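This is what each chain is made of:
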Amino acid sequence: MTARSNSMPARKLPLLTPETEAFWTGGKNGELLIQRCGTCGLYQHPPLPICSACRTETVASAAVSGKGKVKTFTINHQPWMPGLDEPFVFAAVELDEQAELYIFSNILAAPEAVTSGMRVKVSFEHLDDVWLPMFTPDGEAGDEA
Amino acid sequence: MKREDYPEKQVCITGIGQTKAGRPSDRSALQLTLEACLQAIDDAGISVDDVDGLICHPGKTPEGGGISPVGTVETMMALGIRPVWTNPSSHEGPGHMAAIFQGIMAIATGLCKHVLCFRSVAQATARMTSRSSTLLTGNRERVDPGNNAFTVPYHAYSPVNLWALYAQAYFDKYGVGEEELGWVAVNGRRHAMHNPNAIYRKPITIDDYLDARMISTPLRLYDCDSHIDGSTAILLSAKDLAKDLKNPPINIEAMGMSMGAFGEGLHSGDFTMTPAEVCGDMLWNRTDWTPKDVDCAQIYDGFSIHVWLWLEAVRLCGRGEAAGFIAGGERTAITGELPLNTSGGQLSAGRFHGYGHTHEACAQLWGRGGERQVAGAKTCMAVNGGYGYGAMLLNCD
């Protein structure tokens, strides 16, 4: 999988903001940080200045298990830019902590092996000052090079 | 419940204009805009000087690969008019129809009598210069949170990657597949054959659809619309003035709108519904009419999957039933129970970016469809948008 990643064009990285920095850098400590409300307990992603349910400012980043399932996915075949010539999987991952708590990512696995509902776990790809959450099949040895 | 004091009840569509779909055009985006605007004005039979409001969607931007290269100020200058009102339509808001909704409100509040709404695109020209200009990567070194920052870092450079997720989820939930989805493209192409301004007019079969290259599973080439250069203009007029113009006024029986935040990364539900559901509720709450009253439908088709999602959102199909409704093509044919995307839609006629659908709805209601005319069409649903949502139920007796 490392070879696949290296053959791709450089990833366009996200701008870090006060709200998003924790999410994009939690991988430095091996943690997937998702914003959670200290008042009502709701997880929310993307991160925002207040809780979108109870509207309090008591939101803070919380480490989650990093486990979830592929809610839905696509295998991209179109070479949008030079070097993007291998099929790869782009997916919505539903985290175990809460129903409909989705984050988008790549599934680092053979595209034909990916299915909706498949269990996955987080890993991180470190680029510059960003640790991109990535996902690999959970419990299947040998998927990570 | 229907109320006669709703803003859309004070306003009619009185003229339409549309340029050729260029790939690319040899005319500038401003030239195309003026051509469409003057056509719409002439179509209604008003004087250019009667236009007292001017609006476009989504407002001029130098970025985005020709997504909106012309604004209202240069259009005002070139038309030599002195409108009292303009307003940039928000970047997605209630979808592409936002400009039309704002125009309706400007007339209903008494600010204007005739508002010209236009939508111009120059994406074909932009892509001649830079193949990647229409990708979601933006022009800055980093992607900001409001600009697909949660998806672009994962090489999801096109909206097709996002909508593919919805198509796959719909397949998984309802047990349908690529052969059903292919009928959206086949249906549109069949109608485009009779639209002289469509960019693709050669009929395709389901086999052609399945043989075309995969873009992002399960979406193939014919599931995606095509960029063009072109402009569409829709003229709105106050109801009391509309009755004396050239065309029978097209009434706006009801409108619906809603917002989404897909570009910001917010998705809820199970990827088989969008915030367009709110738009559908709003529309049907503003009229006593029902989906059975709709004679034909112009449903946004930036990607084929939009049509399934929209048909259900505006209650023209039950939940999970849109795929089966379109499959086989009989029910959505020109002579079928609900003729669908009679111009070919964006998939075949080109990405006029929503305004092609409203233009075609009006053309059908005015009996200008030629070989694709729906016999006796009096009521048409037009809907726009993938990231923001707008719908109008149009009627002309």
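The structure presented is a predicted model; accordingly, all values stated were derived computationally and were not measured.

### A short note on the overall build of chain A
Here is step 1 of the chain: Within chain A, the secondary structure is distributed over 2 helices and 8 strands.
Here is step 2 of the chain: In chain A, the order of α-helices and β-strands from amino to carboxyl end is α-α-β-β-β-β-β-β-β-β.
Here is step 3 of the chain: For chain A, the C-alpha radius of gyration of 16 Å lies close to 15 Å, the compact-globule estimate for 145 residues.
Here is step 4 of the chain: For the C-alpha atoms alone, the extent of chain A along its principal axes is close to 45 × 30 × 25 Å.

### Considerations on the pairing of strand β4 (residues 114-122) of chain B
Residues and elements named next belong to chain B.
Here is step 1 of the chain: A large share of β4 lies buried, amounting to 9 of its 9 residues.
Here is step 2 of the chain: Side chains of β4 alternate between two faces, with His114, Leu116, Phe118, Ser120 and Ala122 and Val115, Cys117, Arg119 and Val121 buried alike.
Here is step 3 of the chain: Pairing geometry for β4 and strand β7 (residues 229-238), over 9 bridges, is antiparallel. The residue of β7 that forms the bridge with Val115 is Leu236.

### Concerning the interface of chain A and chain B
Here is step 1 of the chain: Taken together, the contact between chain A and chain B spans 30 residues of the former and 34 residues of the latter.
Here is step 2 of the chain: When residues of the side of chain A that touches chain B are traced back to their parent elements, those giving at least two are β4 (67-76), β5 (88-95) and β6 (102-106) of chain A.

### Comments concerning the packing of helix α5 (residues 159-174) of chain B against helix α10 (residues 304-313) of chain B
Residue and element names in this part refer to chain B.
Here is step 1 of the chain: Look at α5 against α10: their axes get within 9 Å of each other, and the N-to-C directions meet at 60°. Put simply, α5 runs oblique to α10. For the element pair α5 and α10, the recorded crossing hand is left-handed. Facing α5, whose interface residues are Trp163, Tyr166, Ala167 and Tyr170, α10 presents Ile305, Trp308 and Leu309.
Here is step 2 of the chain: Each residue belonging to the contact of α5 with α10 can be placed in one class, and the counts come to 7 nonpolar, no polar and no charged.

### Concerning the packing of helix α1 (residues 29-44) of chain B against helix α2 (residues 72-79) of chain B
All names here are of chain B.
Here is step 1 of the chain: With their axes 10 Å apart at the nearest point, α1 and α2 run at an angle of 65° to one another. Here α1 runs over α2; the crossing is right-handed. Contacts from Leu30, Thr33, Leu34 and Cys37 of α1 reach α2 at Glu74, Thr75, Ala78 and Leu79.

### Some thoughts on unusual backbone geometry
Here is step 1 of the chain: Residues Arg23 of chain B and Pro24 of chain B are joined by a peptide bond in cis, for which omega reads -10°.
Here is step 2 of the chain: Residue position: Pro24 of chain B is located in the loop between β1 (11-18) and α1.
Here is step 3 of the chain: Across the junction of Thr217 of chain B and Pro218 of chain B, the peptide omega takes the value 0°, indicating a cis bond.
Here is step 4 of the chain: Its identity as a non-glycine residue notwithstanding, Asp128 of chain A has a phi of 60°, on the positive side.
Here is step 5 of the chain: Along the polypeptide, Asp128 of chain A turns up in the loop between β7 (119-127) and β8 (130-137).
Here is step 6 of the chain: For Asp128 of chain A, a count of 9 C-beta atoms within 10 Å translates into the label exposed.

About the thresholds
Residues numbered from 1 in each chain as written. Chains lettered and ligands numbered in written order. Predicted model: local features only at pLDDT ≥ 70, side-chain atom pairs only at ≥ 80, totals over all residues. Helix = DSSP H or I, 4+ residues; strand = E, 2+ residues; numbered from the N terminus. Rg over C-alpha atoms; globule rule 2.2 N^0.38 Å. Buried ≥ 20, exposed ≤ 12 C-beta atoms within 10 Å, placed from the backbone. Pairing = 2+ DSSP bridges. Contact = placed C-beta atoms within 7 Å. Axes fitted to C-alpha atoms, helices over the stretch in contact; angles between N-to-C directions. Parallel < 35°, antiparallel > 145°, perpendicular 65-115°, else oblique. Left-handed = near helix turned anticlockwise from the far one by under 90°. Nonpolar A, V, L, I, M, F, W, Y, C, P; charged D, E, K, R; others polar.

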